[in-house]
Amino acid sequence: QVQLAESGGGLVQPGGSLTLSCVASGSISEIFTMGWYRQTPGKEREVVATKKVTDRTTFGDFVQGRFSISWDSEKGTCELQMKDLKPEDTAIYYCYALHDRLGEPRKDVWGQGTRVTVSP
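Report on the accompanying structure. (Residues numbered from 1 in each chain as written. Predicted model: local features only at pLDDT ≥ 70, side-chain atom pairs only at ≥ 80, totals over all residues. Heavy atoms only, no water.)

1. Quick word on the packing of aromatic side chains
For the structure shown, the criterion picks out three aromatic pairs. An angle of 75° between the planes, with centres 5.0 Å apart, marks the rings of Tyr 37 and Trp 110 as edge-to-face. Of the two residues, Tyr 37 is situated in strand E4 (residues 31-39) and Trp 110 in strand E10 (residues 107-110); the sequence distance between them amounts to 73 residues. Accessibility expressed as a relative area gives 19% for Tyr 37, which makes it buried. Here the guanidinium or amino end of Arg 38 rests over the ring plane of Phe 62, the centre of that ring lying 3.5 Å away. Positioned over the ring face of Trp 110 is Arg 45, at 4.6 Å from the centre of the ring. (Phe/Tyr/Trp six-rings, centres within 6.5 Å; stacked < 30°, edge-to-face > 60°. Helix = DSSP H or I, 4+ residues; strand = E, 2+ residues; numbered from the N terminus. Buried < 20%, exposed > 50% of the residue type's maximum accessible area, 1.4 Å probe, protein only. Lys NZ or Arg CZ within 6 Å of the ring centre and 35° of its normal.)

Here it is in structure tokens:
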């Protein structure tokens, strides 16, 4: 079993920076992907950034080089570093993990979310 807890959200001005943190607990050695998604009311959840155990990284098209992601697989921690934030980045950000135990179906694991508000 894997559980996720994210933190670091808050209010930031346009152009500012913010770092979100996620801590995975449980069978962290069975996590093969970690990352961040975000969602606003009435919209579908969208990928922000993901990182695989191969170090392959993906970003949403809106990131445009503004964000970076780090993952310490031994500690089960994942951080999203955001800069040059825009009002349209306002959303609830969710930590994500792909739990892949041998002989069992893959399982998507989600945190409870942390709110990010970009406003003057």
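Right, picking up where we left off after that structure.
2. Focus on the sheet that holds strand E8 (residues 77-82)
In spatial order, the strands read E1-E3-E8-E7; together these four strands make up an open sheet with antiparallel pairing. Every other strand in the sheet has two partners, leaving strand E1 (2-7) and strand E7 (67-72) as the edge strands with one partner each. The average angle at which neighbouring strand axes cross in this sheet is 15°, direction not considered. Where E7 lies against E8, six bridges are found, and the strand directions are antiparallel. Bridge pairing in E8 links Trp 71 to Cys 78. (Pairing = 2+ DSSP bridges. Axes fitted to C-alpha atoms, helices over the stretch in contact; angles between N-to-C directions.)

3. Topic: the pairing of strand E9 (residues 91-99)
Buried residues dominate E9, accounting for eight of its nine residues. With eight bridges joining them, E4 and E9 adopt antiparallel strand pairing. Following the sheet pairing, Ile 31 is matched in E9 by His 99. Alignment of E9 against E10, held across four bridges, turns out to be antiparallel. Across the sheet, Leu 98 pairs through a bridge with Asp 108, a residue of E10.

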